[in-house]
Amino acid sequence: MKVYIYVDESIFCGNHGIYDVCVVEVNDFKEAHEISMEMGDELYYTYEHVFSNSDYDEEEHYVNTCIWTIKDEYQNVPVKELDSICAESDYKDFIKTYCGECLYENL
């Protein structure tokens with residue numbers, strides 16, 4: 001199945017461009033969640049200097065993650081094409097157009 005993953009940080013909640021998105025093909029939710037955690041780690045370490053002055057003590061507190069399924073009618077669109085579209089789109093618009101069920105939300 002194809003899923004859309006959105007990851008941001010919990011201080012600015014992506015409002016200052018500190019977020020990451022992707023569309024990937026996975027076998028199950030567990031695989032999607034593992035990918036989202038890796039994305040969260042990368043995001044945290046990339047912007048660690050921003051978080052160092054905050055009240056949070058552990059990096060898990062800095063990362064918000066959401067995973068949605070891609071609607072059935074878009075499952076035949078290649079991952080590379082969907083990933084390119086999501087990278088160029090506003091995440092809310094992408095979700096509204098291309099996404100179905102929210103599998104996981106940690107905001």
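Our subject in this report is the structure included herewith. (Residues numbered from 1 in each chain as written. Predicted model: local features only at pLDDT ≥ 70, side-chain atom pairs only at ≥ 80, totals over all residues. Heavy atoms only, no water.)

1. What to know about the side chain of serine 36
Turning to step 1, where the next piece is worked out: Mapped onto the elements of the fold, serine 36 is located in helix 1 (residues 29–46).
Turning to step 2, where the next piece is worked out: What makes serine 36 buried here is its relative accessible area of 0%.
Turning to step 3, where the next piece is worked out: Sequence-distant contacts of serine 36, that is, excluding residues within four places in its chain, are made with Ile5, Val7, Thr65 and Ile67. (Helix = DSSP H or I, 4+ residues; strand = E, 2+ residues; numbered from the N terminus. Buried < 20%, exposed > 50% of the residue type's maximum accessible area, 1.4 Å probe, protein only. Contact = heavy atoms within 4.5 Å.)

2. Quick look at the state of the cysteines
Turning to step 1, where the next piece is worked out: Evaluation of the coordinates by the stated rule reveals zero disulfides.
Turning to step 2, where the next piece is worked out: Here cysteine 99 stays unpaired: no disulfide links it, and the sulfur of cysteine 86, its closest cysteine neighbor, is 8.6 Å away.
Turning to step 3, where the next piece is worked out: Under the relative-accessibility criterion, cysteine 99 is labelled buried at 5%.
Turning to step 4, where the next piece is worked out: Free of any disulfide, cysteine 102 has its nearest cysteine sulfur in cysteine 66, 5.7 Å distant.
Turning to step 5, where the next piece is worked out: Overall, the relative accessible area of 31% leaves cysteine 102 in the partly exposed class. (Disulfide = S-S within 2.5 Å.)

3. Considerations on the packing of aromatic side chains
Turning to step 1, where the next piece is worked out: Applying the stated criterion to the full structure yields six aromatic pairs.
Turning to step 2, where the next piece is worked out: Each ring, one from tyrosine 74 and one from tyrosine 98, has its centre 4.6 Å from the other, and the planes form 55 degrees; the classification is tilted. Within this pair, whereas tyrosine 74 is found in the loop between strand 3 (63–70) and helix 3 (79–88), its partner tyrosine 98 is found in helix 4 (residues 91–98), the two being separated by 24 residues in sequence.
Turning to step 3, where the next piece is worked out: Here the aromatic residues Tyr4, Trp68, Tyr74, Phe94 and Tyr98 are joined through ring pairs into a cluster of three or more. (Phe/Tyr/Trp six-rings, centres within 6.5 Å; stacked < 30°, edge-to-face > 60°.)

4. A word on the nonpolar core
Turning to step 1, where the next piece is worked out: Counting 14 residues, the largest nonpolar core has Tyr4, Val23, Trp68, Ile70, Phe94 and Cys99 as the members making the most contacts within it.
Turning to step 2, where the next piece is worked out: Those elements that provide at least two residues to this core are strand 1 (2–9), strand 2 (19–25), strand 3, helix 3 and helix 4.
Turning to step 3, where the next piece is worked out: Contacts of phenylalanine 94, omitting those with residues within four sequence positions, involve Tyr4, Val23, Ile70, Leu82, Ile85, Cys86, Ser89 and Cys99.
Turning to step 4, where the next piece is worked out: Formed by twelve residues, the second largest nonpolar core is a distinct cluster that contains Cys22, Tyr44, Val63 and Ile67. (Core = buried A, V, L, I, M, F, W, Y, C linked by side-chain atoms within 4.5 Å.)

5. Here we look at a negative patch on the surface
Turning to step 1, where the next piece is worked out: Residues Asp20, Asp28, Glu34, Glu38, Asp41 and Glu42 make up a contiguous surface patch of negative charge.
Turning to step 2, where the next piece is worked out: Judged by relative accessible area, which is 37%, aspartate 41 ranks as partly exposed. (Patch = residues over 30% accessible without salt bridge, like charges linked within 9 Å, V, L, I, M, F, W, Y side chains within 5 Å. Areas by Shrake-Rupley, 256 points an atom, 1.4 Å probe, with all protein chains shown as cover. Salt bridge = Lys/Arg side-chain N within 4 Å of Asp/Glu carboxyl O. Lys, Arg positive; Asp, Glu negative; His and termini not counted. Charge placed at Lys NZ, Arg CZ, Asp CG, Glu CD.)

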